[in-house]
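So the chains spell out like this:
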Amino acid sequence: MAHQITLGVIIGNRDFFPDILVTEARKDLVELAKKIGINLIMVNESETKLGGVETFQEARTCADLFRKNADKIDGILVCLPNFGDEKGVADAIRLSDLKVPILIQGYPDELGKMHVERRRDAFCGKISVCNNLKQYGIPYSITHKHVVHPSDPDFEMDLQKFIGVCRVVRGLTNLRIGAVGARPGAFNTVRYSEKILERNGISVTTVDLSEILGNAEKLGNEDAKVKEKLDAIKAYSPTGKTPGEKLVQMAKMGVVLSDFMEANSLDATAIQCWTSVQENYGCNVCTNMSMMSDQLMPSACEVDVTGTLTMYAMQLASGSPSALVDWNNNYAADENKCVLFHCGNWAKSFLPDIQIGTAPILGTIVGEENTYGALEGRTPAGLLTYGRISTFDSDGNIRAYFGEGMFTNDELKTFGNRAVASVPKLQKLMRYICNNGFEHHAVMNASHTAGILQEALEKYLNWDVYYHNAPEE
């Protein structure tokens, strides 16, 4: 079951503004939360005046409530039905000790209601709140419109984006990734720093591929878990010409990988997918990786740990599976289109024509009969977010790039997992990737969520993020 987002709410107040404005704001927020399916935690009307926060004592009351619910709260919404008290808001957040995303919203005034009984001044108060949070060193997000009513569709879009930011920040905190096997010897491009990841709360658990293969070999064909996994594989994809014994091999490996993840409480994996598994076991691991990714437990090829980190981040932003891809080919003479490819293990949500087959390129080295388990399929037209997160040891930090484009239905006659992508200013992006030393691996997601990823990673995790072709502010 998906994690239901919970927001701590601070309703700012100024004593000489109308009390009814705070009461109305509580009602507006409760109605919106019910509509979009999130939980709210806020002081009630008996704990502080009207349930708002103005004085230092009220800030302490709010902070105490937030601390008691720290394990539930994904983000904080600061609501200003009037000017609000900027110190009360900032103190409540500081005293709560929460390190979560914060969204600042202010109500608009109405021209016909600028008299004393209905005047708000949140247009001005929001600036003061932001100024104080900046002084306190507390990062925050703001709405697209400077002031906006909670019933405005624009605010609902702001809130949905903020919820995505909260999912990314929470999900990457204490993330656990399994690295199965050694990276391919020829792939320096998938090197990464475990120490930099660990410093950012992301742990890597390693296992030798021989342990996985050895444990798979020990399983019998009639083992209950093997039969269950075999049924799951057959239900997941048409098997084409894949021999029955190869499907059983894939099922055994799937069981062992699932056991490894469960035993180590892992969220994602990166696997040595060639050539040892083909030479020493006799099939590809792609189908199992695809099934895990489709179940929102992303799995990346070639022990690309920061690749699977990117898959997980994109998945959190969109709520849908991601896939690891190669920036693989130009598309004829079109400078803004390219071919995305892998041989392949993309989640089936990208492959409506999915079928289990072989990996012809790899087969030229290890024998095509040892590559059953690779998936065949083409991604149709739709939304595209692409990007990459990487560790840069020389700088001791994490960098990323993201952008948006479209999948297209342009003709493409080839094999494996494949897609045609249209990316505005693609040549500029390729220059950025090459000049900054990023990998040939990228990640794709069927969404437009680059803005969420930039906001979450740059503002709240302090990573260096490039948003290619970002919309004008």
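Above this text you will find the structure in question.
Residues numbered from 1 in each chain as written. Predicted model: local features only at pLDDT ≥ 70, side-chain atom pairs only at ≥ 80, totals over all residues. Heavy atoms only, no water.

**Points about the environment of Phe16**
- With respect to the helices, strands and loops of the structure, Phe16 is situated in the loop between strand E1 (6-11) and helix H1 (19-36).
- Classification of Phe16 by relative accessible area gives exposed; the value is 66%. (Helix = DSSP H or I, 4+ residues; strand = E, 2+ residues; numbered from the N terminus. Buried < 20%, exposed > 50% of the residue type's maximum accessible area, 1.4 Å probe, protein only.)

**Things to note about the nonpolar core**
- Counting 98 residues, the largest nonpolar core has Leu172 and Trp327 as the members making the most contacts within it.
- Filtering out sequence-adjacent residues up to four positions away, Leu172 remains in contact with Asn200, Gly201, Ile202, Leu309, Tyr312, Ala313, Leu316, Leu457, Leu461 and Trp463.
- Residues Ile76, Ile93, Leu98 and Cys130 belong to the second largest nonpolar core, which totals 26 residues. (Core = buried A, V, L, I, M, F, W, Y, C linked by side-chain atoms within 4.5 Å. Contact = heavy atoms within 4.5 Å.)

**Digging into the side chain of Asn417**
- Structurally, Asn417 is set in strand E16 (residues 417-422).
- Of the polar contacts made by the side chain of Asn417, one reaches the backbone nitrogen of Asn345; its length is 3.0 Å. (Polar contact = N/O pair within 3.5 Å; in protein donor to acceptor, adjacent residues only side chain to side chain.)

**Description of the packing of helix H9 (residues 244-263) against helix H11 (residues 286-294)**
- At their nearest, the axes of H9 and H11 sit 9 Å apart, and the two run at 45° to each other. In terms of their interaxial angle, H9 and H11 are classed as oblique. Every pair of crossing elements has a handedness; the one defined by H9 and H11 is right-handed. Along the contact surface, H9 presents Met250, Met253, Gly254, Leu257 and Met261, while H11 presents Thr287, Asn288 and Met292.
- Classifying every residue of the contact of H9 with H11 gives five nonpolar, three polar and no charged. (Axes fitted to C-alpha atoms, helices over the stretch in contact; angles between N-to-C directions. Parallel < 35°, antiparallel > 145°, perpendicular 65-115°, else oblique. Left-handed = near helix turned anticlockwise from the far one by under 90°. Nonpolar A, V, L, I, M, F, W, Y, C, P; charged D, E, K, R; others polar.)

**So, the packing of aromatic side chains**
- A full pass over the atoms with the stated rule returns seven aromatic pairs.
- Ring centres of Phe187 and Trp274 lie 5.4 Å apart, and the angle between their planes is 80°; on these two criteria the pair is classed as edge-to-face. Of this pair, Phe187 sits in the loop between strand E6 (176-180) and helix H6 (194-199) while Trp274 sits in the loop between strand E8 (268-271) and helix H10 (276-280); the two residues are 87 residues apart in sequence, bridging distant segments of the chain.
- Pairing Phe341 with Phe415 gives two aromatic rings, centres 5.9 Å apart and planes at 85°, and the pair type is edge-to-face. Taken together, the positions of Phe341 in strand E11 (residues 334-342) and Phe415 in the loop between strand E15 (397-408) and E16 put the pair 74 residues apart, joining distant regions of the chain.
- In this structure Phe341 comes out as buried when scored by relative accessible area, which is 11%.
- Residue classification places Phe415 among the partly exposed positions, given a relative accessible area of 30%.
- Ring-pair connections join several aromatic residues into one group, and the members of that group are Phe392, Tyr401, Tyr432, Phe438 and Tyr466. (Phe/Tyr/Trp six-rings, centres within 6.5 Å; stacked < 30°, edge-to-face > 60°.)

**Concerning the environment of Ala421**
- When you line up the elements, Ala421 lands in strand E16.
- The exposure class of Ala421 is buried, given its relative accessible area of 0%.
- Spatially, the C-alpha atom of Ala421 lies 9.5 Å from that of Gly382, the residues being 39 residues apart in sequence.

**Observations regarding the sheet that holds E1**
- The five strands lie next to each other as E2-E1-E3-E4-E5, forming an open sheet whose pairing is parallel. What marks the edges here is a single partner per strand, and that holds for strand E2 (39-41) and strand E5 (141-142).
- Summarising the sheet, E1 and strand E3 (residues 75-80) pair through five bridges and their orientation is parallel. Residue pairing across strands places Gly8 opposite Ile76, the latter belonging to E3.
- Packed on one face of the sheet, helix H5 (residues 153-171) meets E1, E3 and strand E4 (102-106) and runs near 165° to E4. (Pairing = 2+ DSSP bridges.)

**Notes on the environment of Thr205**
- Summarising the element assignment, Thr205 is placed in strand E7 (residues 203-207).
- Owing to a relative accessible area of 18%, Thr205 belongs among the buried residues under this scheme.
- Remark: the alpha-carbon pair of Thr205 and Ser318, spanning 113 residues in sequence, is separated by 26 Å.
- The contact partners of Thr205, leaving out residues within four places of it in the chain, are Arg176, Ile177, Gly178, Ala179, Phe260, Asn264 and Leu266.

**Quick look at helix H8 (residues 224-236)**
- Relative to the 18 Å expected for 13 residues at 1.5 Å per residue, H8 spans 18 Å between its end C-alpha atoms, a close match to the ideal helical length.
- The complete set of buried residues in H8 reads Val226, Leu230, Ile233 and Tyr236. Along the axis of H8, the buried residues cluster in a sector spanning 125°; they form a single face. Residues of H8 that are exposed and point over 90 degrees away from its buried face: Ala224, Glu228 and Ala235. (Expected span 1.5 Å × (residues − 1). Arc of directions from axis to C-beta.)

**Description of the pattern of salt bridges**
- Here the structure, examined in full by the defined rule, presents 18 salt bridges.
- Measuring nitrogen to oxygen at the nearest pair gives 2.7 Å for the salt bridge that ties Arg388 to Asp304. Placement of Arg388 in strand E14 (residues 382-392) and of Asp304 in the loop between strand E9 (299-300) and helix H12 (305-318) is noted, with a sequence separation of 84 residues between them. When sorted by exposure, Arg388 lands in the same class as Asp304, which is buried. (Salt bridge = Lys/Arg side-chain N within 4 Å of Asp/Glu carboxyl O.)

**Structural notes on the side chain of Asp91**
- Structurally, Asp91 can be placed in helix H3 (residues 86-96).
- Lacking a salt bridge, the buried Asp91 has Arg94 as its closest oppositely charged neighbour, with an N-O distance of 5.1 Å.
- Dropping the residues within four chain positions of it, Asp91 is found in contact with Phe56, Ala59 and Tyr136. (Lys, Arg positive; Asp, Glu negative; His and termini not counted.)

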